[in-house]
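These are the residues of each chain, in order.
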Amino acid sequence: MDRVVVVGGGVLGTMHAVQARSRGIDVVHLEREAGPRGASVRNFGLIWVSGRAAGPELALAQRARTLWEELAMLVPATGFRAHGSLTVATDDAELGLLKEAADLPDAAERGFELLDVPAAAEINPALRGEFAGALLCRQDAIVEPRRVPGALRDYLIASQPTSGDGYEWLPGREAIEVAPHAVRDHTGSWHRGDLVLLCTGAAYTGIAGPHLAEYERPPVRRVRLQMLETAPLDRRVTTAVADGDSLRYYPAFDLPGRARLAPQPPVAAATAAQLLLVQRLDGSLTIGDTHSYQVPFDFDVDEAPYDHLRAKAEQLLGSQLPPVRRRWAGVYSQTTGPELYHRSQVAPGVMLVTGPGGRGMTCSPAVAEETFATCES
Ligand SMILES: Cc1cc2nc3c(=O)[nH]c(=O)nc-3n(C[C@H](O)[C@H](O)[C@H](O)COP(=O)(O)OP(=O)(O)OC[C@H]3O[C@@H](n4cnc5c(N)ncnc54)[C@H](O)[C@@H]3O)c2cc1C
């Protein structure tokens, strides 16, 4: 393979460009916006291993984490830091479930350790609130989502060979037509390669649309999340933090103790909310999230789940949050079946890769690696 065309400047498209270049393949990279504005720059930047289902999902996340770490040595601007996470229990039922998780056969692989309150506060002194204990996951890590696509592109451009095309970034080009081994953008230019990769995220009505419409049951669906960012906190939050509600959603915690969890407050249940909290490099806190599956999605953000998430964060931190300085919503593409992500052939030499859902930032380097392994075999 000599030349690949990648459509989509999000993390999935960019990781495919990185994988291609690492194999010496020339890349033309199209993005319809002036810069990526999709899920990849709206997320927490959590490289999240802890809650993955045992087996292929955990293996994919572990492989991806290794690749992120290796990549960070070449591209420190991704902001990768192996800070781990604490999932914090505030009552006995949540603590009981954390104990079950800490006893899983693959607990060591995930870097799980059950901590009492003093031990958790020692690892993360920012947790000054009331809680019952916490599960440390040493494998979890953090990157800076707003910086990652640009940092990876800068790296690809800087490591261009002196001769040959290497890497060509074409923002503001929307791919509108697919042909074998080629796509046409809205300016009329055709881009040809041995392989064309459509990494178009949650855009289901564009070039991926006719292909997705061929399925009897849609293989992917769109999910909308609400997020916020505060002004910088005056102290360091040394790990990512999750609350007990996160135990309801991640498959690793589908253990007997889940049935004993108290019902969520109505606003959290109605929005499938969980608290995830990550400190950015500038000290600000990214806080989320909610989940909405019903289209058409709201075009505005709803304050009620934000009130809930802020109160939860303040309960764990034991102090008031700094003022909120940004709120946004994001939409990701998620498979509807058991596959970890969706990859299919749209036309000869044209593949669609989408649907990693809430694990897309985490798994993107390993998904890209698998794409090339599949296409080269
Ligand atoms: C709020 C939120 C929080 C999340 N948190 C995490 C997290 O902490 N950890 C984690 O692992 N995952 C997380 N995720 C999931 C993760 O962000 C996504 O799975 C991942 O970013 C998907 O990447 P992508 O490149 O496929 O999609 P996108 O980032 O949406 O990129 C697709 C790109 O394709 C472009 N495009 C579409 N059609 C065309 C076309 N025809 N021509 C040219 N360009 C086109 C779009 O403009 C867009 O830039 C989160 C998602 C959201 C929304």
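Residues numbered from 1 in each chain as written. Predicted model: local features only at pLDDT ≥ 70, side-chain atom pairs only at ≥ 80, totals over all residues. Heavy atoms only, no water.

Enquirer: Which residues make up the nonpolar core, and what values do they have?
Expert: Soluble, globular proteins show a tendency: their nonpolar side chains are buried together. With 42 residues, the main nonpolar core has Trp68 and Leu197 as its most contacted residues. Going through the elements one at a time, strand 1 (3-7), helix 1 (11-22), helix 3 (56-74), helix 7 (148-158), strand 8 (167-171), strand 12 (195-198), strand 19 (350-354) and helix 11 (360-376) are the ones with two or more residues in this core. Contacts of Trp68, omitting those with residues within four sequence positions, involve Val11, Met15, Ile47, Thr78, Phe80, Val143, Val148, Met361, Thr362, Ser364 and Pro365. (Core = buried A, V, L, I, M, F, W, Y, C linked by side-chain atoms within 4.5 Å. Buried < 20%, exposed > 50% of the residue type's maximum accessible area, 1.4 Å probe, protein only. Helix = DSSP H or I, 4+ residues; strand = E, 2+ residues; numbered from the N terminus. Contact = heavy atoms within 4.5 Å.)

Enquirer: An account of the sheet that holds strand 9 (residues 175-179) is requested, with residue identities and associated values reported.
Expert: Within the open sheet, the three strands sit side by side as 9-10-11. Their pairing is antiparallel. Across the chains shown, the open sheet's two edge strands, defined by having one partner strand only, are strand 9 and strand 11 (190-192). Sheet twist, expressed as the average angle between the axes of neighbouring strands with direction ignored, equals 25°. Pairing of strand 9 with strand 10 (residues 182-185) involves four bridges; the strand directions are antiparallel. Counterpart to Val178 in the pairing with strand 10 is Val183. (Pairing = 2+ DSSP bridges. Axes fitted to C-alpha atoms, helices over the stretch in contact; angles between N-to-C directions.)

Enquirer: Please set out the pairing of strand 12 residue by residue, giving values where relevant.
Expert: Alternating positions in strand 12 separate into two faces, Leu195 and Leu197 on one and Val196 and Leu198 on the other, with burial throughout. Taken together, the four bridges between strand 1 and strand 12 define a ladder with parallel strand orientation. Paired with Val5 across the bridge in strand 12 is Val196.

Enquirer: Quick rundown of the site of the ligand? Include the residues and the values.
Expert: Neighbouring residues of the ligand: 38 residues in total, closest Glu31, Ser40, Leu46, Gly357 and Thr362. The separation between an oxygen atom of the ligand and a polar main-chain atom of Gly357 is 2.7 Å. Separating an oxygen atom of the ligand from a backbone N or O atom of Met361 is a distance of 3.1 Å. In terms of residue class, the shell around the ligand is made up of 17 nonpolar, 14 polar and seven charged. (Near = heavy atom within 4 Å. Polar contact = N/O pair within 3.5 Å; in protein donor to acceptor, adjacent residues only side chain to side chain. Nonpolar A, V, L, I, M, F, W, Y, C, P; charged D, E, K, R; others polar.)

Enquirer: Give a description of empty space enclosed by the protein that names residues and reports values.
Expert: Considering all chains together, one arrives at one cavity of 30 Å³ or more under this definition. For the largest cavity, the calculated volume is near 40 Å³. Surrounding the largest cavity, Val41, Arg42, Asn43, Pro145, Arg146, Glu229, Arg280, Thr286 and Trp328 form its lining. The residue makeup of the lining of the largest cavity, split by class, is three nonpolar, two polar and four charged. (1 Å grid on protein atoms, 1.4 Å probe; cavity = no way out; pocket = protein on both sides within 12 Å on 5 of 7 lines; lining within 4 Å. Points joined across faces, edges and corners; volume = space filled by probe spheres on them.)

Enquirer: Can you explain the sheet that holds strand 14 (residues 240-243)? Please cite residues and give values.
Expert: With mixed pairing, eight strands are arranged side by side in an open sheet as 5-6-4-14-15-16-13-17. In this open sheet, the two strands that pair with only one neighbour each are strand 5 (112-115) and strand 17 (324-335). Averaged over neighbouring strand pairs, the angle between their axes works out to 20° when direction is ignored. Note: strand 15 (residues 276-279) against strand 16 (residues 285-288), four bridges, orientation antiparallel. Across the sheet, the residue bridging to Leu276 is Gly288, located in strand 16.

Enquirer: Pulling in residues and values, what's your account of the pattern of salt bridges?
Expert: What the rule picks out here adds up to 24 salt bridges. We note a salt bridge from Glu177 to Arg184, for which the minimum N-O separation is 2.7 Å. Given the relative accessible area of 30%, Glu177 is considered partly exposed. Exposure remark for Arg184: the relative accessible area of 25% places this residue in the partly exposed category. In the salt-bridge network here, residues are joined through shared partners; they are Glu229, Asp282, Arg325 and Arg326. (Salt bridge = Lys/Arg side-chain N within 4 Å of Asp/Glu carboxyl O.)

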